[in-house]
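# Summary of the model geometry
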Amino acid sequence: MSDSSPDRAAVVLDFWCELQCPDCRSALDDLRALRARYGDRLELRLRHFPLEKHKHAFAAAQAAEEALEQGQGWPYIEAVLGRVEELDRQGEPFLMEVARELGLDAEEFDTALIDGRHILIVDADQAEGKAIGVTGTPTYVIDGERLDGGKSQEGLRERVEEIVDRLLAEQAGA
């Protein structure tokens, strides 16, 4: 029996997000609270769902993937979402600015946006989202249940916590 790493897998919460979406920015507090409460027992996965009405969202999704590759995914995502209005106004130069602020390799970042190396990931996420009924952001999917935060985020964190608590209890009893 290992005491340092449990054999149980973390509970997975898919967070369907669009980085130019003010509603996703307001979801950040919930995500921080969930991370603080569950730590590594909850795997929070960013899933991209850029909306056509936001012209910089597709580039922002690719930028987030590059930040993830460079080991600064969530700090980057939080920084961009925290300044959605600047992304609206400035577009790609703002995405580069945030990368530099976080000490990412800006040249590699710029190249990634130009060569489109992350487009397939973003496209695949968007296609999967559409297939499972995601229509807007933020949307959470956990244990097969879809929770749509695009209209209202009221009570969503509590619902996610109920599901995570139940799944963790089931694992503990298994």
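What comes next concerns the included structure.

## Concerning the pairing of strand 4 (residues 145-148)
Relative to strand 4, strand 3 (residues 139-142) runs antiparallel, the two being bridged by four bridges. Across the sheet, Val141 pairs through a bridge with Arg146, a residue of strand 4. Connecting the antiparallel pair strand 3 and strand 4 is a turn made up of two residues, with Asp143 showing a positive phi of about 50°.

## Brief notes about the sheet that holds strand 3
Taken in spatial order, the four strands of this open sheet run 2-1-3-4, and their pairing is mixed. Pairing within the sheet leaves two strands with one partner each, and these edge strands are strand 2 (42-48) and strand 4. Taken pair by pair, the neighbouring strands of this sheet meet at an average axis angle of 20°, ignoring direction.

## Examining the packing of aromatic side chains
Where two aromatic rings form a pair, the distance of their centres and the angle of their planes describe that pair. Evaluated as defined, the whole model comprises two aromatic pairs. Ring centres 5.5 Å apart and planes at 40° place the aromatic pair Phe15 and Tyr140 in the tilted group. Note that Phe15 is positioned in strand 1 (residues 11-17) and Tyr140 in strand 3, a separation of 125 residues in sequence. Note on Tyr76 and Phe109: the rings are 5.3 Å apart at their centroids and 45° apart in plane angle, and the pair reads as tilted. With a gap of 33 residues between them, Tyr76 in helix 3 (residues 73-82) and Phe109 in helix 6 (residues 106-115) connect regions that are remote in the sequence. With relative accessibility at 0%, the residue Tyr76 sits in the buried group. Assessed through its relative accessible area of 0%, Phe109 is described here as buried. Its end group placed over the ring of Trp74, Arg35 keeps NZ or CZ at 5.1 Å from the ring centre.

## A few points about the side chain of His48
Residue position: His48 is located in strand 2. The class for His48 is buried, based on a relative accessible area of 1%. A polar side-chain atom of His48 sits 2.8 Å from a polar atom in the side chain of Glu65. Residues within four places of His48 in sequence aside, it is in contact with Trp16, Cys17, Ala61, Ala64, Glu65, Ile121, Val122, Asp125 and Gln126.

## Remarks on a negative patch on the surface
The grouping of Glu92, Asp105, Glu107 and Asp110 at the surface amounts to a negative patch. Inspection of the secondary structure assignment puts Asp110 in helix 6. Residue Asp110 is classed as partly exposed on the basis of its relative accessible area of 35%.

## What to know about the side chain of Asp30
As for its placement among the helices and strands, Asp30 is situated in helix 1 (residues 22-38). Looking at Asp30, the relative accessible area reads 14%, which means it is buried. Every residue in contact with Asp30, bar those within four places of it in the chain, is listed here: Tyr140, Gln153 and Arg157.

## Here we look at unusual backbone geometry
Omega for the peptide link from Thr137 to Pro138 comes to -5°, which places this bond in the cis form. The phi torsion at Asp143 lies on the positive side, around 50°, for a residue other than glycine. Within the secondary structure, Asp143 is located in the loop between strand 3 and strand 4. Residue class for Asp143 comes out partly exposed when judged on its relative accessible area of 47%.

## Regarding the pairing of strand 3
Judged by which residues are buried, strand 3 turns out to be covered on both faces: Thr139 and Val141 on one side and Tyr140 and Ile142 on the other are all buried. Sheet analysis places strand 1 next to strand 3, joined by four bridges and oriented antiparallel. The residue bridging Trp16 from the neighbouring strand is Thr139, located in strand 3.

Calculation criteria
- Residues numbered from 1 in each chain as written.
- Predicted model: local features only at pLDDT ≥ 70, side-chain atom pairs only at ≥ 80, totals over all residues.
- Heavy atoms only, no water.
- Pairing = 2+ DSSP bridges.
- Helix = DSSP H or I, 4+ residues; strand = E, 2+ residues; numbered from the N terminus.
- Axes fitted to C-alpha atoms, helices over the stretch in contact; angles between N-to-C directions.
- Phe/Tyr/Trp six-rings, centres within 6.5 Å; stacked < 30°, edge-to-face > 60°.
- Buried < 20%, exposed > 50% of the residue type's maximum accessible area, 1.4 Å probe, protein only.
- Lys NZ or Arg CZ within 6 Å of the ring centre and 35° of its normal.
- Polar contact = N/O pair within 3.5 Å; in protein donor to acceptor, adjacent residues only side chain to side chain.
- Contact = heavy atoms within 4.5 Å.
- Patch = residues over 30% accessible without salt bridge, like charges linked within 9 Å, V, L, I, M, F, W, Y side chains within 5 Å.
- Areas by Shrake-Rupley, 256 points an atom, 1.4 Å probe, with all protein chains shown as cover.
- Salt bridge = Lys/Arg side-chain N within 4 Å of Asp/Glu carboxyl O.
- Lys, Arg positive; Asp, Glu negative; His and termini not counted.
- Charge placed at Lys NZ, Arg CZ, Asp CG, Glu CD.

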